[in-house]
Amino acid sequence: MSLTVCVGGATGWTGLPLCKEILQAQDMNLVGAVSRSRADENLGKILDQPNVDLKIQESVVEALTTAPDVYVDFTGAEAVKTHVLEAVNKKIHVVVGSSGLSDQDYEEIHQAALQNRVGVIACGNFAISAILLQRFACEAAKFLSHWEVIDYASALKPDAPSGMARQLGFRLSQIRKPEIPFPIQKTVGLVESRGATLNEMQVHSIRLPGYVIGMEVIFGEKDERLSIRYDAGASAAPYLSGILIAIRNVSGCLGLVRGIDQFLPSNK
């Protein structure tokens, strides 16, 4: 039996290639697509697939009337929470790819998902390389006690820190908090130059042309440093396999799961 899927942000940078992947998947059926900028257009025409006849809806509320098994959100930071809760309260499983949610927002979503007995998978970056960066950073934090994060993104990204940085901060906080020998608030000069404090670690968000999304975790100990860095390319292709993994596994979750590590195939 195929999973029915609705995609929010269906004509966006990630949403459009994701819709194409879902349409090609034998175990999925795309039943809803949302895009305010291209509402009422035919998705099949946009994708140059004449056999696809799917009208794009302007709102998530409209699109969810198709009662999909899974709603996937790639809209924007200003609306993602509303969209996710709308789906959860309709007892629809959700995969969250949009950034801008805080730990408090995630806790609210988790409680709503538990109440409605559905699953939510949220991931700051679905690329397998990005998932591995976070896994390696969590392993390093067990042995190294000082670290800071540099969060890279394009000049037009409105939210900071990125969802990827927020997710890393959450995961590292479950291991330990970094040591900060000199108190941030006692900085001589501009305190802001020391970055933002997220889950008790310092994050420096860079927003410049030439970047898509990236992150570097720098660990420092006496007489040594360890740097783990991830940089995305110009296409959304690296994210697609991870998103499909989340779609296929979210119905087996209860409440919120942050990240897709546990669903990756094992090499053992």
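All of these numbers come straight from a predicted model, not from anything done at the bench.

Residue placement: Asp105 occurs in helix 5 (residues 103-116). With residues near it in sequence (within four places) discarded, Asp105 still touches Lys81 and Gly100.

In space, the five strands of this open sheet follow the order 7-8-6-9-10, with mixed pairing throughout. At either end of the open sheet lies a strand with only one pairing partner, and these are strand 7 (196-198) and strand 10 (224-231). Between one strand axis and the next, the sheet turns through 25° on average, direction left out of account. Lying over the sheet, helix 6 (residues 128-141) contacts strand 6 (147-153), strand 9 (213-221) and strand 10, oriented at roughly 160° with respect to strand 10.

What follows deals with the packing of helix 4 (residues 80-88) against helix 5. Closest axis-to-axis distance for the helix 4/helix 5 pair is 9 Å, and the angle between their directions is 10°. Of the possible angle classes, the one that applies to helix 4 and helix 5 is roughly parallel. Here Lys81, Val84, Leu85 and Val88 of helix 4 come into contact with helix 5, specifically with Asp105, Glu108, Ile109, Ala112, Ala113 and Asn116. The residue inventory of the contact of helix 4 with helix 5, partitioned by class, reads six nonpolar, one polar and three charged.

Cut-offs used in this document
- Residues numbered from 1 in each chain as written.
- Predicted model: local features only at pLDDT ≥ 70, side-chain atom pairs only at ≥ 80, totals over all residues.
- Heavy atoms only, no water.
- Helix = DSSP H or I, 4+ residues; strand = E, 2+ residues; numbered from the N terminus.
- Contact = heavy atoms within 4.5 Å.
- Pairing = 2+ DSSP bridges.
- Axes fitted to C-alpha atoms, helices over the stretch in contact; angles between N-to-C directions.
- Parallel < 35°, antiparallel > 145°, perpendicular 65-115°, else oblique.
- Nonpolar A, V, L, I, M, F, W, Y, C, P; charged D, E, K, R; others polar.

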